Amino acid sequence: MRIKIVIVSCCLILLFGCNSPEPKKLFSAEVTRVVSGQAVEVILTGTSEVVKVRIEGIDAPDWRQSPWGEAAKQKLTELVMGKPIKIETENMVRDRYNRIQGHLWQDKTLVSQELIKSGCVLVNDRSPHSYSKLLMESQEYARLMGYGIWNPKLAMRHTPSQFRSMNKP
């Protein structure tokens, strides 16, 4: 009898305790402008609406962090400019800069992962998401290989947030 109660309890916990995450939405778009190493402007397919998108899960060097800020923007430009992309997002809520936050896909490539693997940006782990582990593994790879900001001869000394707090306008 006790085993039955435990089994039924476990089943109920699994049935009611496992809420499925909010479904993600996928939007087709074309990048019209690369704003920085972590933000783009796109035109949503089938509309003339220009939308600003901040790539979720990354923290790009500030444009004043030479040469890394420009390198991040250049790499992002190579990956997405003028190409069809998909924007994966949980909602269309805009931040204080009027951007939506989402993951960009160019073909089957997760853009944030490519930026991280090449050592152009850091992982932003303040808000966990479905690709957090993948991005952390990619950052560890770039660090071990000494790519970009991890290059021991030209390493970035301050994270973007540290740099911005030390260089307030």
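### A closer look at unusual backbone geometry
For residues that are not glycine, phi is negative in most cases, and the peptide bond is trans in most cases.
Step number 1: Following Ser66, the chain continues to Pro67 via a peptide bond in cis, the omega torsion being 0°.
Step number 2: Of note, Pro67 is situated in the loop between strand S4 (58-59) and helix H2 (68-80).
Step number 3: Although it is not a glycine, Asn98 sits at a positive phi angle of roughly 65°.
Step number 4: Summarising the element assignment, Asn98 is placed in the loop between strand S5 (84-89) and strand S6 (99-106).
Step number 5: Overall, the relative accessible area of 41% leaves Asn98 in the partly exposed class.
Step number 6: Of note, Asp107 is a non-glycine position whose phi angle comes to about 65°, a positive value.
Step number 7: Topologically, Asp107 is positioned in the loop between S6 and strand S7 (109-110).
Step number 8: Taking relative accessible area as the criterion, Asp107 reaches 66% and is therefore assigned exposed.

### Comments concerning the layout of surface pockets
Step number 1: In this structure, the largest pocket encloses a volume near 800 Å³.
Step number 2: What lines the largest pocket is a set of 30 residues, and nearest its centre among them are Gln38, Arg54, Tyr97, Arg99 and Arg164.
Step number 3: Along the lines of polarity and charge, the residues of the lining of the largest pocket split into 7 nonpolar, 9 polar and 14 charged.
Step number 4: Put simply, the second largest pocket is a space of about 150 Å³.
Step number 5: As for the second largest pocket, its lining consists of Lys24, Glu56, Thr89, Glu90, Asn91, Val93, Gln101, His103, Pro128 and His129.
Step number 6: Its residues assigned to classes, the lining of the second largest pocket comprises 2 nonpolar, 5 polar and 3 charged.

### Examining helix H4 (residues 132-145)
Step number 1: Across its 14 residues, H4 extends 20 Å between first and last C-alpha, which sits within 8% of the 20 Å expected from 1.5 Å per residue.
Step number 2: The complete set of buried residues in H4 reads Leu135, Ser138, Gln139 and Ala142. Along the axis of H4, the buried positions cluster into a sector of 100°, meaning they face one direction only. What points out from H4, more than 90 degrees from its buried face, is the exposed set Lys133 and Leu144.
Step number 3: Taken together, the buried residues of H4 touch S7, helix H3 (111-117) and strand S8 (122-123).
Step number 4: In the segment just after H4, Gly146 is the residue with positive phi, at about 75°.

So, how was this worked out
- Residues numbered from 1 in each chain as written.
- Predicted model: local features only at pLDDT ≥ 70, side-chain atom pairs only at ≥ 80, totals over all residues.
- Heavy atoms only, no water.
- Helix = DSSP H or I, 4+ residues; strand = E, 2+ residues; numbered from the N terminus.
- Buried < 20%, exposed > 50% of the residue type's maximum accessible area, 1.4 Å probe, protein only.
- 1 Å grid on protein atoms, 1.4 Å probe; cavity = no way out; pocket = protein on both sides within 12 Å on 5 of 7 lines; lining within 4 Å.
- Points joined across faces, edges and corners; volume = space filled by probe spheres on them.
- Nonpolar A, V, L, I, M, F, W, Y, C, P; charged D, E, K, R; others polar.
- Expected span 1.5 Å × (residues − 1).
- Arc of directions from axis to C-beta.
- Contact = heavy atoms within 4.5 Å.

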